[in-house]
Amino acid sequence: MALTQVEGLPGAPWDRPLKGTLDRVVVESELLAGNPLGDPERRPLYIYVPKGASGALPTVYLIQGLTGQLDMWLNRRAFEPNIVERIDSAISGGDCPPCLVVFVDAWTSYGGSQFINSIATGPYMDYLCDEVVPWIDAHYPTTPSRDARGLTGHSSGGYGAMVVPMLRPDVFGALASSAGDALFEVCYLPGFRETVRMLRDKFEGSYEVFWERFRSGDHVDTDRFGPMNDYAMAACYSPDPANPGSALLPFDVGSGKLIPEIWEQWLGWDPVRLAAKHADDLRSMKLIHVDGGRSDEWFLELGARAFADAVEEMGIECNYELFDGTHSGLTYRYPKHVKMLAEALTA
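Since we're looking at a predicted model, the values are computed, not measured.

**Q** What is the right way to read the overall build of the protein from this model?
**A** A tally of helices and strands in the protein yields 12 helices and 10 strands. The C-alpha atoms of the protein give a radius of gyration of 20 Å, which matches the 20 Å a tight globule of 347 residues would have. Its C-alpha atoms give the protein principal-axis dimensions of roughly 65 × 60 × 40 Å. Taken across its 347 residues, the protein has 53% of its residues classed as buried. Across the protein, every contact between residues at least 6 apart in sequence was considered, and the portion connecting residues at least 24 apart equals 72%. Total accessible area on the protein stands at roughly 15300 Å², and carbon and sulfur atoms take up 53% of it.

Spelled out as structure tokens, the structure:
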């Protein structure tokens, strides 16, 4: 008996052949150069092109949750296809209209950017809207119009999918958000007390000590997510104007007491509260879809419900879906969001 080397992919469950193609390119951003955290201005960018693509296609942009970096899209759960394989199967099998799918990286060394501009992290919304989108339109067969572009994501990506189209309706004309950060008093406020305890008991009550140990350790403990998440959000919603790269926290790290003026800055970024200020922008969307799992650990299905209520109170149609699930293991839902957007953008 002898082992024989063969050509091609091994197939399922390791690497399923695609009918379409996944281009993996590297781009260099002028906007991210010199960002306060010193994070790379050179970024990976993935573009899925359906088989036989011809003529102008709608484009769906996928953005990731906190701690997401682009190559994680290629990860897989046991016995399941990864997200690219799922999308390829849906489009090539005719279940989803042909579209370009663009995977965008907005990682920061705090874990993420919320896809908004911040003097603490960098201009990540401008990077997406003013650099990535024009580059895609210049290099791929797209329909270069906001009415042919949709944005979708989960968790922090779901936050970006709600907020970016409201702030940049000139770029995106449809959105689908899954478990996006919303209704901040429900999803963020209860965690502050846990962060205070962890800082007190494990990090000398200091974020400086927390970050030093976080970055110097040989692994990342999952129980450190809370303090990391709170600081990452503060870097986006309440950056410190006197200290580039730093954040103003909405609570006292010794007692947990809320600091009202900083908490108000956070609330100003809450999609539920932003909606009323962007009624015309939301009314212009070809699709508004939000959803969440009924057992989401951060109760983000409630934020999705509150956002949908705020939109519908203005007489604007919003699809809301509550499904069985938690905050994780939701890769199987992405093709549904891509399909909804592709259908709306081609209608």
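**Q** Mind showing me how you'd approach the pairing of strand 4 (residues 100-104) here?
**A** Side chains on a regular strand alternate between the two faces of the sheet. Burial runs high along strand 4: five of the five residues are buried. For strand 2 (residues 42-49) and strand 4, the ladder comprises four bridges, and the chain directions are antiparallel. Across the sheet, the residue bridging to Leu45 is Val104, located in strand 4. Judged from the five bridges that link them, strand 3 (residues 59-63) and strand 4 form a sheet pairing that is parallel. Within strand 4, the residue paired with Ile63 across the bridge is Val104. As a crossover connection, the stretch from strand 3 through helix 1 (residues 83-92) into strand 4 is right-handed.

**Q** So what exactly am I meant to see when it comes to the side chain of Asp137 here?
**A** The residue Asp137 is located in helix 2 (residues 124-139) in this model. What makes Asp137 buried here is its relative accessible area of 18%. Here the side chain of Asp137 touches Thr142 through a polar contact of 2.7 Å, side chain to side chain. Excluding residues within four positions of it along the chain, Asp137 makes contact with Thr142, Pro144 and Arg149.

**Q** Which parts of the structure should I look at to understand empty space enclosed by the protein?
**A** Where empty space is left can be seen by rolling a probe of water-molecule size over the atoms. Here the structure, examined in full by the defined rule, presents one cavity of 30 Å³ or more. The volume enclosed by the largest cavity comes to roughly 60 Å³. Partitioned by chemical class, the residues of the lining of the largest cavity number five nonpolar, eight polar and no charged.

**Q** Got a minute to help me understand the side chain of Glu85 in this structure?
**A** Mapped onto the secondary structure, Glu85 falls in helix 1. Beyond its immediate sequence surroundings of up to four residues, Glu85 is in contact with Asp15, Arg16, Leu18 and Arg76.

**Q** Just to check I follow, could you spell out the sheet that holds strand 9 (residues 288-293) for this structure?
**A** Either a parallel or an antiparallel arrangement is found when strands of a sheet pair, and the pairing is made through backbone hydrogen bonds. Spatial ordering of the open sheet is given by 1-2-4-3-7-8-9-10, a layout of eight strands whose pairing is mixed. Looking along the sheet, the strands with just one partner apiece sit at the ends: strand 1 (21-28) and strand 10 (319-323). Averaged over all pairs of adjacent strands, the angle between their axes in this sheet comes to 15°, without regard to strand direction. Taken together, the five bridges between strand 3 and strand 7 (residues 149-154) define a ladder with parallel strand orientation. The residue bridging Thr59 from the neighbouring strand is Arg149, located in strand 7. Strands in contact with helix 1 are strand 1, strand 2, strand 3 and strand 4; relative to strand 4, the strand with the most contacts, it is inclined by about 165°.

**Q** Where do I start with the layout of surface pockets in this structure?
**A** Volume-wise, the largest pocket comes out at about 1100 Å³. As for the largest pocket, its lining consists of 38 residues, of which Leu66, Thr67, His154, Ser155 and His327 are closest to the centre. Each residue belonging to the lining of the largest pocket can be placed in one class, and the counts come to 14 nonpolar, 16 polar and eight charged. Of the voids in this model, the second largest pocket is the one considered here, and its volume is about 310 Å³. Looking at the lining of the second largest pocket, the elements that each hand over two or more residues are helix 6 (207-216) and helix 7 (225-237). Residue composition of the lining of the second largest pocket, by class: seven nonpolar, six polar and three charged.

**Q** I would appreciate a short explanation of the state of the cysteines in the present structure.
**A** Should the sulfur atoms of two cysteines be covalently bonded, the bond is a disulfide. If you walk through the whole model with that rule in mind, you get zero disulfides. Of all cysteine sulfurs, the one in Cys99 lies closest to Cys96, which takes part in no disulfide; the gap is 4.5 Å. Residue class for Cys96 comes out buried when judged on its relative accessible area of 4%. Between Cys129, a free cysteine, and Cys236, which holds the nearest cysteine sulfur, the sulfur-to-sulfur gap is 15 Å. The buried category is assigned to Cys129, whose relative accessible area is 3%.

**Q** Got a minute to help me understand the packing of aromatic side chains in this structure?
**A** Here a ring pair, both rings aromatic, is described through the centre-centre distance and the interplanar angle of the planes. Overall, the coordinates contain 25 aromatic pairs when judged by the stated rule. With a centroid separation of 6.0 Å and an interplanar angle of 50°, the aromatic rings of Tyr188 and Tyr237 are classed as tilted. With Tyr188 in the loop between helix 4 (184-187) and helix 5 (189-202) and Tyr237 in helix 7, this pair connects stretches of sequence that are 49 residues apart. Of the residues examined, Tyr188 reaches a relative accessible area of 4% and is grouped as buried. Ring geometry for Phe203 and Phe210: centres 5.1 Å apart, planes at 80°, overall edge-to-face. Of the two residues, Phe203 and Phe210, neither departs from the other in class, the shared state being buried. Aromatic ring contacts, followed pair by pair, group Tyr159, Phe184, Tyr188, Phe192, Tyr237, Phe251, Trp263 and Trp266 into a single cluster. If you follow Arg24 out to its NZ or CZ, it ends over the ring of Tyr46, 5.9 Å from the centre. Just above the ring of Phe323 sits the side chain of Arg333; from NZ or CZ to the centre is 3.8 Å.

What counts as what
- Once a new chain begins, its residue numbering starts again from 1 and follows that chain's sequence as written.
- Owing to the predicted nature of the model, reporting of local features is limited to residues with pLDDT of at least 70; listing and counting of side-chain atom pairs is limited to 80 or more, with chain, interface and lining totals taken over all residues.
- In computing side-chain values, all of the structure's heavy atoms are included and hydrogens and water are not.
- Think of it this way: any DSSP run of H or I at least four residues long counts as a helix, any run of E at least two long counts as a strand, and we number them from the N terminus.
- Between the two quantities, the radius of gyration covers C-alpha atoms and the globule rule is 2.2 Å times the number of residues to the power 0.38.
- Any residue under 20% of the maximum accessible area for its type is buried, any over 50% is exposed, and the rest in between are partly exposed; the area is computed with a 1.4 Å probe on protein chains only.
- Any pair of residues with heavy atoms lying within 4.5 Å of one another is described as a contacting pair.
- In these tables, accessible area is a Shrake-Rupley quantity obtained with a 1.4 Å probe, and a residue counts as shielded only by the protein chains included in the view.
- Strands are treated as partners if at least two bridges between them are detected by DSSP.
- Seen with its strands pointing away from the viewer, a crossover is right-handed if its path from the first strand over the helix to the second goes clockwise.
- Under this definition, polar contacts are N or O atom pairs within 3.5 Å; protein pairs additionally need one hydrogen-donor-capable and one acceptor-capable atom, and for neighbouring residues in sequence, both atoms have to be side-chain atoms.
- Whether a set of points on the 1 Å grid over the protein atoms alone is a cavity depends on a 1.4 Å probe fitting there but being unable to get out, while an open set qualifies as a pocket with protein on both sides within 12 Å along at least five of seven lines; lining residues are those with an atom within 4 Å of a point.
- Grid points are joined across faces, edges and corners, and a volume is the space filled by probe spheres set on the points.
- Any residue that is not Ala, Val, Leu, Ile, Met, Phe, Trp, Tyr, Cys, Pro, Asp, Glu, Lys or Arg is counted as polar, Gly included; the first ten are nonpolar and the last four charged.
- Structural elements are reduced to axes, namely lines fitted to C-alpha atoms, with helices fitted over the stretch in contact, and the angle between N-to-C directions of any two is expressed from 0 to 180 degrees.
- Put simply, a disulfide is two cysteine sulfurs that come within 2.5 Å.
- Each pair of aromatic rings taken from Phe, Tyr and Trp, with Trp reduced to its six-membered ring, is defined by centres within 6.5 Å and is described as stacked if the planes are under 30 degrees apart, edge-to-face if over 60, and tilted in the remaining cases.
- By definition here, charges over rings are those cases where NZ of Lys or CZ of Arg is within 6 Å of the ring centre and within 35 degrees of the ring normal.

Structural measurements only, silent on function.
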